[in-house]
Amino acid sequence: MQFADTSMNLADFIGTYGEAIKGSLSNLYPPHVELGQHPVELPSLKRRPLGRQADALKALEHSLKVNKGTLLVAEMGSGKTYQAIVAAQLVQFKRVLVLCPPHLVEKWVREVQVALSGVHAQVVRSVSDLEEIHRTGREGFFVMSRETAKLGSYWEPVLHYRSFGHAGSRYKALCCPACGQELLEKEERLHRADLEDTKRYCKAEIRGRDNRGEQTTRTCNTPLWQVSNQGPRRYPLGEYIKRKMPRGFFGLLILDEVQEYKATESAQGRIAGSLAEVCGRSLALTGTLYGGYASNLFSLLHRFSPAIRKQFNYSEEARFIQYYGLVEEITTYAEQEDGRSSGRKSATVRSREIPGVSPLLLPRLLDNVVYLRLSDISDHLPSYSEDVVMVELGAQREAYREFEGALTQKVKEALRMKDRRLLGAMLQSLLHYCDTPYRGEEITVKDKFGKRHTVLTAPALSAEEIYPKEGRLLEDMRAEREQGRRVWVYVQGTEKRDITKRLRDLLTERGHRVAVLKSTTVPAEKREAWVERQVNAGVDVVICHPKLVQTGLDLIDFQTFIFYQGEISTYVMRQASRRGWRIPQKQAVKVLHYVYAGTLQERMLSLIARKAQCSLALEGELSSTGLDSMVVEDTFLALAKSLVRAEKIERVVFSTVEADRMIGENPPVTALVTAPKVVSLSELPQVVYFDAPVTLGTGRRKKVVGSEVGMLFDVRAA
């Protein structure tokens with residue numbers, strides 16, 4: 001056993017020993033492409049690659065030739081579209097199918113025409129377009145909206161109910177029409193609204209026996225939806241390509257913004273996976289591969305990485321998380337009563353995923369993932385800063401604290417009863433009440449007869465008051481206008497809790513020219529032109545939800561981006577924050593996150609920061625500024641627990657990537673366990689790193705930990 005005599009966080013460790021590590025890794029994983037030694041040669045190329053784009057292109061060319069699936073993880077603004085187009089030409093694919101968000105189809109055609117000379121590009125909108133391409137054998141780039149690829153005839157949920165439970169505690173719930181089992185998702189009952197929201201499939205396990213009489217288990221996978229007689233009859237173009245066109249007719253499938261295909265059961269994810277198989281080769285593009293959880297990666301890698309498909313079945317997401325994720329085990333103790341006070345306690349242990357990823361996953365990504373940062377492309381890129389602006393509560397302080405106290409009790413009751421139906425609604429109310437105290441809040445619940453009952457209310461305060469966050473926005477807007485900088489403001493309240501009108505009025509009264517962008521303002525494919533019109537009209541601030549501009553839009557006419565209200569999705573937050581920091585931006589870009597100090601907003605931002613930091617670490621970016629300075633745990637459930645401190649974490653298994661942050665910035669001495677198979681707890685310091693499977697303790701206390709090489713174990717909790 002060897003003990004290190006000092007400790008440091010991961011970023012400092014890499015900074016100190018980076019060269020030695022790089023040398024060792026080069027021997028373990030020799031590069032297929034050396035930097036700077038392979039100029040791109042392509043006669044049809046109109047624009048030469050910038051900076052390290054040439055190296056990335058050579059890496060893409062190599063991977064596309066030897067791998068079925070390739071991923072380009074390139075920072076927003078680094079030219080993913082350009083690199084995908086050029087890489088496809090370098091490998092000489094005759095026909096390339098591009099699947100992208102609906103507002104980017106025209107941009108893709110335009111980018112092909114700008115990058116290459118004499119190469120055909122067109123938008124595919126119908127079956128007749130595909131038939132014409134097949135009949136003529138035309139070559140080039142064929143761009144299809146993901147909506148066109150997946151949408152067919154209207155559908156409706158299949159609703160079957162039956163009784164479950166035992167005598168005296170019977171209840172009626174949705175069941176599968178084929179196997180009859182109750183419909184559950186992560187141990188939670190599915191309701192009619194869940195089936196109406198998205199196409200779902202039964203995930204119940206069915207046991208049986210094979211031809212040799214051995215017991216088997218399979219997933220039911222029966223569709224919980226059917227084609228509706230309402231609406232137009234149409235054929236999804238993705239299905240047409242899969243079923244009607246020759247396999248390999250399109251030599252390469254390019255999937256733009258692939259992070260939007262992460263949902264396991266989404267229709268667009270399924271059709272993307274099918275098209276990848278039909279085309280034979282796929283190139284997936286993203287600026288945010290990882291959303292903070294290992295499970296975010298599973299469906300993406302399973303669809304586009306043959307190596308992951310070989311190691312894991314489609315239904316083995318849980319095993320993937322055990323291998324490559326971060327798992328928290330929670331032990332709950334309860335008194336057992338048998339008519340007397342026995343003093344005995346029963347313990348239940350459950351596990352759940354928390355943000356983080358094991359470095360063991362990185363070798364699985366080296367062969368077919370190409371990484372590129374914006375700083376690799378241009379030495380003249382303007383500066384980028386990201387800061388958290390803490391604002392103290394003002395006139396709403398007392399009302400907020402009272403509402404928080406009452407809501408905390410309700411959340412405690414919900415957690416105790418394991419009832420999560422209202423958790424989201426309650427926490428959303430508390431998050432928004434800081435920003436809109438003039439509107440008040442009312443939380444209601446629907447009973448089994450469909451009647452709504454009020455659970456909790458918060459009073460509506462004066463609408464004449466300018467609240468602290470509003471005042472800070474007005475102050476920052478005045479300063480930005482004096483410097484000639486345009487501002488883009490992100491908010492969450494655009495519908496039920498619409499905040500855009502009040503902010504627009506406050507800014508307009510002070511001489512600002514304001515535009516509000518909503519999902520109904522203009523179709524997605526016309527948003528780029530809409531933004532250009534606003535700039536030409538002299539608008540100096542635009543207000544919108546970050547999801548409306550998270551992909552594809554270049555907002556280089558704006559230099560300051562303010563998250564007036566926090567965005568809980570790591571993908572959306574990272575994408576939206578980089579809309580203005582891209583070539584050819586000339587001015588420094590500033591991103592501000594407004595948050596009321598000491599409120600649930602601050603806790604939520606720290607949870608978002610944790611996911612963002614995990615995400616960046618997987619892409620090789622180690623930072624201690626901006627949001628990264630606010631690292632804690634994650635999700636609405638974690639928010640609820642942070643609010644009430646309802647459960648005690650007894651045991652946590654860490655991945656090495658997150659250990660320094662989860663255990664603390666300066667953890668005690670770390671042990672590197674190399675040889676022993678059985679280790680006494682008393683021999684170990686607080687934090688242990690295993691490079692081989694290790695068993696802790698002996699006899700009944702024996703427990704195997706670090707079953708995967710490269711895991712950290714917190715001995716305090718053992």
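Keep in mind the model is a prediction, meaning the values are calculated, not measured. (Residues numbered from 1 in each chain as written. Predicted model: local features only at pLDDT ≥ 70, side-chain atom pairs only at ≥ 80, totals over all residues. Heavy atoms only, no water.)

Peer 1: Can you help me understand the overall build of the protein chain in this one?
Peer 2: Tallying secondary structure elements over the protein chain gives 22 helices and 33 strands in all. Here the protein chain, with 718 residues, has 50% of them falling under the buried criterion. Intrachain contacts of the protein chain at a sequence separation of at least 6 include 70% that bridge at least 24 residues. On the protein chain, roughly 34700 Å² of surface is accessible, and the fraction owed to carbon and sulfur atoms is 47%. (Helix = DSSP H or I, 4+ residues; strand = E, 2+ residues; numbered from the N terminus. Buried < 20%, exposed > 50% of the residue type's maximum accessible area, 1.4 Å probe, protein only. Contact = heavy atoms within 4.5 Å. Areas by Shrake-Rupley, 256 points an atom, 1.4 Å probe, with all protein chains shown as cover.)

Peer 1: Just to check I follow, could you spell out the packing of aromatic side chains for this structure?
Peer 2: Note on aromatic pairs: each is described by the distance of the centres and the angle between the planes. A full pass over the atoms with the stated rule returns 18 aromatic pairs. For the pair Trp-488 and Phe-558, a centre-to-centre distance of 4.8 Å together with 80° between the ring planes defines the contact as edge-to-face. Within this pair, whereas Trp-488 is found in strand E22 (residues 487-490), its partner Phe-558 is found in the loop between strand E24 (541-544) and strand E25 (560-563), the two being separated by 70 residues in sequence. On the basis of relative accessible area, Trp-488 is assigned to the buried category, the value being 0%. Judged by centre distance (6.4 Å) and plane angle (25°), the rings of Tyr-490 and Phe-561 are stacked. You can see Tyr-490 sitting in strand E22 and its partner Phe-561 sitting in strand E25, a full 71 residues away along the chain. In this structure an aromatic cluster arises from ring pairing among Phe-298, Phe-312, Phe-320, Tyr-323 and Tyr-324. A cation over an aromatic ring shows up here: Arg-95 above the ring of Phe-249, its NZ or CZ 4.0 Å from the ring centre. Over the aromatic face of Tyr-201 sits the side chain of Arg-270, whose NZ or CZ is 3.8 Å from the ring centroid. (Phe/Tyr/Trp six-rings, centres within 6.5 Å; stacked < 30°, edge-to-face > 60°. Lys NZ or Arg CZ within 6 Å of the ring centre and 35° of its normal.)

Peer 1: Would you take a moment to explain the confidence of the model for the protein chain for this structure?
Peer 2: Scored by pLDDT, the protein chain comes out at a mean of 78, with 77% of its residues at no less than 70. Predicted confidence for residues 644-718 stays below pLDDT 50, and this span has 174 contacts to residues more than four positions away or in other chains. (pLDDT = per-residue confidence, 0-100.)

Peer 1: Quick question: what am I supposed to make of the sheet that holds strand E15 (residues 281-286) here?
Peer 2: If you trace the seven strands from one edge of the open sheet to the other, you get E4-E5-E3-E14-E15-E2-E18, paired in parallel fashion. With partners counted over all chains shown, the strands left at the sheet margins are strand E4 (121-123) and strand E18 (369-372), one partner each. Here the average twist between neighbouring strands, direction ignored, is 20°. Strand direction decides the pairing type here: E4 and strand E5 (residues 140-145), joined by three bridges, are parallel. Its bridge partner lying in E5, Val-123 is registered against Val-143. (Pairing = 2+ DSSP bridges. Axes fitted to C-alpha atoms, helices over the stretch in contact; angles between N-to-C directions.)

Peer 1: Help me understand the sheet that holds strand E19 (residues 384-391), please; the structure alone is not making it clear to me.
Peer 2: Strand pairing in a sheet takes place through backbone hydrogen bonds and is either antiparallel or parallel in direction. Spatially, E19-E26-E25-E22-E24-E23 is the arrangement adopted by the six strands of the open sheet, whose pairing is parallel. Whereas interior strands pair on both sides, the edge strands pair on one side only; in this sheet they are E19 and strand E23 (514-517). Across the sheet, the axes of successive neighbouring strands diverge by a mean angle of 20°, strand direction being ignored. Here helix H18 (residues 527-536) sits on the sheet in contact with E22, E23 and E24, set at roughly 170° to E23.

Peer 1: Help me out: how do you make sense of helix H15 (residues 423-433) in this one?
Peer 2: Side chains three or four residues apart in an α-helix point the same way, a direct result of the helix having 3.6 residues per turn. The element H15 is largely enclosed, with a buried count of eight among its 11 residues. Those residues of H15 that sit buried are Leu-423, Met-426, Leu-427, Ser-429, Leu-430, Leu-431, His-432 and Tyr-433.

Peer 1: Sorry if this is basic, but what is going on with the environment of Asp-256 here?
Peer 2: Mapped onto the fold, Asp-256 is located in the loop between strand E14 (252-255) and helix H9 (267-279). Using a relative accessible area of 3% as the deciding quantity, one classes Asp-256 as buried. When the C-alpha atoms of Asp-256 and Leu-285 are compared, they prove to be 5.0 Å apart, with 29 residues separating the residues in sequence. For Asp-256, the contacting residues outside a window of four places in its chain are Leu-99, Cys-100, Pro-101, Leu-104, Trp-108, Tyr-261 and Leu-285.

Peer 1: Can you help me understand the environment of Leu-431 in this one?
Peer 2: Structurally, Leu-431 is set in helix H15. Note on Leu-431: relative accessible area 8%, which makes it buried. Spatially, the C-alpha atoms of Leu-431 and Tyr-400 are 9.9 Å apart, while their sequence positions differ by 31 residues.

Peer 1: Mind showing me how you'd approach unusual backbone geometry here?
Peer 2: Peptide bonds are mostly trans, and most non-glycine residues show a negative phi. Positive phi is not limited to glycine here, since Asn-221 has a value of about 60°. Relative to the assigned elements, Asn-221 resides in the loop between strand E12 (215-219) and strand E13 (225-227). Residue classification places Asn-221 among the partly exposed positions, given a relative accessible area of 34%. In this structure, Glu-257 takes a positive phi of about 55° despite not being glycine. Mapped onto the elements, Glu-257 comes out in the loop between E14 and H9. In this structure Glu-257 comes out as buried when scored by relative accessible area, which is 4%.

Peer 1: Help me out: how do you make sense of the nonpolar core in this one?
Peer 2: Buried together is how nonpolar side chains tend to be arranged in soluble globular proteins. Counting 72 residues, the largest nonpolar core has Leu-407, Leu-473, Trp-488, Leu-517 and Val-549 as its most contacted members. Sorting elements by how many residues they give to this core places helix H14 (residues 397-416) first, with seven residues. Leave out the neighbours within four places in its chain, and Val-549 touches Trp-488, Tyr-490, Leu-517, Cys-544, Leu-555 and Arg-579. Counting 42 residues, the second-largest nonpolar core is a separate cluster that includes Tyr-240, Val-258, Leu-275 and Phe-298. (Core = buried A, V, L, I, M, F, W, Y, C linked by side-chain atoms within 4.5 Å.)

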